[in-house]
Amino acid sequence: MSNVLYIINPAGHGGAGIKVWERVLSQWPDRIDSSDVHFTERQGHAREIATAAEGYNILTAIGGDGTVGEVMTGIMSKPKPHPKVAIIPAGTGNDIARNLGILSFEDAVDTLHGDHSRSVDLIRIECQVEGSTAHRYAFLTANAGFSANTMIRPWMKRILGPAGAYYLATILQIVSFKAPHITAHWEEHKYSGRAWLVIVANVERTSGGSMCLAPGAQFDDGELNVSIIPFKSKLKEVATMLPKVASGGHVAEPSVHYFPTKAITVESDPPAVLDIDGDIFGMTPATFGVCPKAMQVLCPARKTDPDPPQNPW
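Now for a quick tour of the structure. Remember, it's a predicted structure, so these values are computed and weren't measured experimentally. Starting from 1, residues in each chain are numbered consecutively following that chain's sequence as written. Only residues with pLDDT of at least 70 are given local features in this predicted model, and only at 80 or more are side-chain atom pairs given and counted; all residues enter the totals for whole chains, interfaces and linings. Side-chain descriptors were evaluated using all non-hydrogen atoms of the structure, hydrogens and water having been removed beforehand.

## Topic: the overall build of the chain
This is how it is decided: Segments assigned H or I by DSSP are reported as helices when at least four residues long, segments assigned E as strands when at least two residues long, and all are numbered from the N terminus. With C-alpha atoms as the basis for the radius of gyration, the globule rule is written as 2.2 Å multiplied by the number of residues raised to the power 0.38. Burial status follows relative accessibility: with a 1.4 Å probe on protein chains alone, a residue under 20% of its type maximum counts as buried, one over 50% as exposed, and anything between as partly exposed. Should any heavy atoms of two residues lie within 4.5 Å, those residues are considered in contact. With residues, only the protein chains shown are counted as cover, and all accessible areas are computed by Shrake-Rupley using a 1.4 Å probe. In this count, Lys and Arg are taken as positive residues and Asp and Glu as negative ones, while His and the chain termini are left out. Where a charge sits is defined by one atom per residue type, namely NZ (Lys), CZ (Arg), CG (Asp) or CD (Glu).
If you tally the helices and strands in the chain, you get 7 helices and 16 strands. Taken against the 2.2 N^0.38 rule, which gives 20 Å for 313 residues, the C-alpha radius of gyration of the chain at 19 Å falls within 12% of a compact globule. Taken over the C-alpha atoms alone, the chain extends approximately 60 × 40 × 35 Å along its principal axes. When each of the 313 residues of the chain is scored for burial, the buried share is 56%. Considering only residue pairs separated by 6 or more positions, the chain has 73% of its internal contacts joining residues 24 or more positions apart. Split by element, the accessible area of the chain, about 13400 Å² in all, is 53% carbon and sulfur. Charge-centre separation for the chain: the mean point of 27 positive side chains lies 5 Å from the mean point of 32 negative side chains.

## Concerning the packing of helix α2 (residues 45–52) against helix α3 (residues 65–76)
Using the following cut-off: Interaxial angles span 0 to 180 degrees and are taken between N-to-C directions of axes, which are lines fitted to C-alpha atoms, for helices over the stretch in contact. Crossing handedness follows the turn of the near helix against the far one: under a right angle anticlockwise gives a left-handed crossing, and clockwise gives a right-handed one. For this classification, Asp, Glu, Lys and Arg are treated as charged, while Ala, Val, Leu, Ile, Met, Phe, Trp, Tyr, Cys and Pro are nonpolar and the rest, including Gly, are polar.
Direction vectors running N to C along α2 and α3 enclose 35°, while the axes themselves pass 7 Å from each other. The two elements α2 and α3 cross, and the hand of that crossing is right-handed. In contact with H45, A46, R47, A50 and T51 of α2, α3 contributes T67, E70, V71, T73, G74 and I75. Its residues placed into classes, the contact of α2 with α3 shows 4 nonpolar, 5 polar and 2 charged.

## Considering the side chain of S227
Examined against the element boundaries, S227 turns out to sit in strand β12 (residues 224–230). The buried category is assigned to S227, whose relative accessible area is 0%.

## As for the environment of G55
Inspection of the secondary structure assignment puts G55 in the loop between α2 and β3 (58–63). Classification of G55 by relative accessible area gives exposed; the value is 58%. G55 sits 50 residues away from L5 along the chain, and the two C-alpha atoms are 9.4 Å apart.

## Focus on helix α5 (residues 105–114)
For α5, the full list of buried residues reads F105, D107, A108, V109, T111 and L112. Just downstream of α5 lies D115, where phi reads positive at about 60°.

## Notes on the layout of surface pockets
Applied cut-off: Buriedness for pockets is judged along seven lines, at least five of which must meet protein on both sides within 12 Å for an open set on the 1 Å grid over protein atoms alone, while cavities are sets there where a 1.4 Å probe fits but cannot get out, and lining residues have an atom within 4 Å of a point. Grid points are joined across faces, edges and corners, and a volume is the space filled by probe spheres set on the points.
Empty space within the largest pocket amounts to approximately 1100 Å³. Surrounding the largest pocket, 47 residues form its lining, G66, K157, D277, G278 and D279 being those nearest its centre. Only α1 (12–27), α3, β7 (141–145), α6 (154–176) and β9 (189–201) provide two or more residues apiece to the lining of the largest pocket. If you tally residues by element for the lining of the largest pocket, the top one is α6, at 5 residues. Tallied by class, residues from the lining of the largest pocket come to 13 nonpolar, 23 polar and 11 charged.

## A few points about the environment of R31
Looking at where R31 falls in the secondary structure, it is placed in the loop between α1 and β2 (37–39). Spatially, the C-alpha atoms of R31 and A286 are 45 Å apart, while their sequence positions differ by 255 residues.

## Observations concerning unusual backbone geometry
The omega angle of the peptide bond from K80 to P81 is 5°, so this bond is cis rather than trans. Note on placement: P81 falls in the loop between α3 and β4 (84–89). Backbone geometry at N94 places phi at a positive 50°, although glycine is not the residue there. Positionally, N94 belongs in the loop between β4 and α4 (95–99). N94 sits in the buried class, given a relative accessible area of 4%.

## A closer look at α2
One turn of the α-helix equals 3.6 residues, which is why residues spaced by three or four share an orientation. In plain terms, the rule: The arc under discussion is defined with respect to the helix axis, by the directions toward the C-beta atoms.
Residues of α2 that are buried: H45, A46, I49 and A50. On an axial view of α2, the arc spanned by its buried residues comes to 135°, and they lie on one face. Check the buried side of α2 and you find it contacts β1 (4–8), β2, β3 and α3.

## Overview of the pattern of salt bridges
Worth spelling out the cut-off: Note on definitions: salt bridges are taken to be side-chain nitrogens of Lys or Arg within 4 Å of carboxyl oxygens of Asp or Glu.
Across all of its chains, the model carries 9 salt bridges by this definition. A salt bridge links R42 to E48; the nearest nitrogen and oxygen atoms lie 2.6 Å apart. By relative accessible area, which is 44% here, R42 ends up partly exposed. Connected via shared salt-bridge partners are E41, R42 and E48.

Here's what the structure looks like:
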């Protein structure tokens, strides 16, 4: 097999990373050298490990979407040719793996054995972090404005699962959220007005496969799918818009702007938080651009299941 580095998040989803790693060790036919294994110790550590890695053909992320996203961002900071990414999911939602058709432990291990890969697009985000310009990459979505993830706590995911935790956190956030004034520019177009949320998506489904944020979006078409959801009263948001977001019906609302683009710039007053693949990172102003076929990711040699089952871990 090609040289493989294993980057493991031991803390996510109640220690699932360690349990999954132990399962890998028990079933892997070849000895894995300890020098090829790194455990993350803090947020951002997986990115540091991936950035510093030299001489590897494959970087394997064992953790949730945050760990996978950090590994991808670290790889993108390296000179080409880039190593491939492999994913052994050990998070709660595992949305990146789900979108790639990795729906079980067996799927994940088979991808390493088979070395079949796909070229995927990434979203490049340039934003403000503590007064300085920073950048990061996303595979799923990068959203500005309303974010339920600011309210999600570990106990919600443990008790309610990824979908239930997201819905509860959404309700809690609606109570306190104040919609900012958003100004967005893309191609020859402009939006200006109060808005709940700007969704910049690279995939159709997130939140454990339960939320259809961007109907029709594909991660290898060289485009972003953007939704701008204007401000409505909180009562209308809970009663009408929220149920439609789950099914993708929000994009048919007359007030919602839904369109493909290759880049969009978002400013807001006051500055709005950014939710990048489920992690809170940075603030507006922010620029979102597509990086076509930027990453090679190992995945099963079959069509991705559009309606994956719940978390197999």
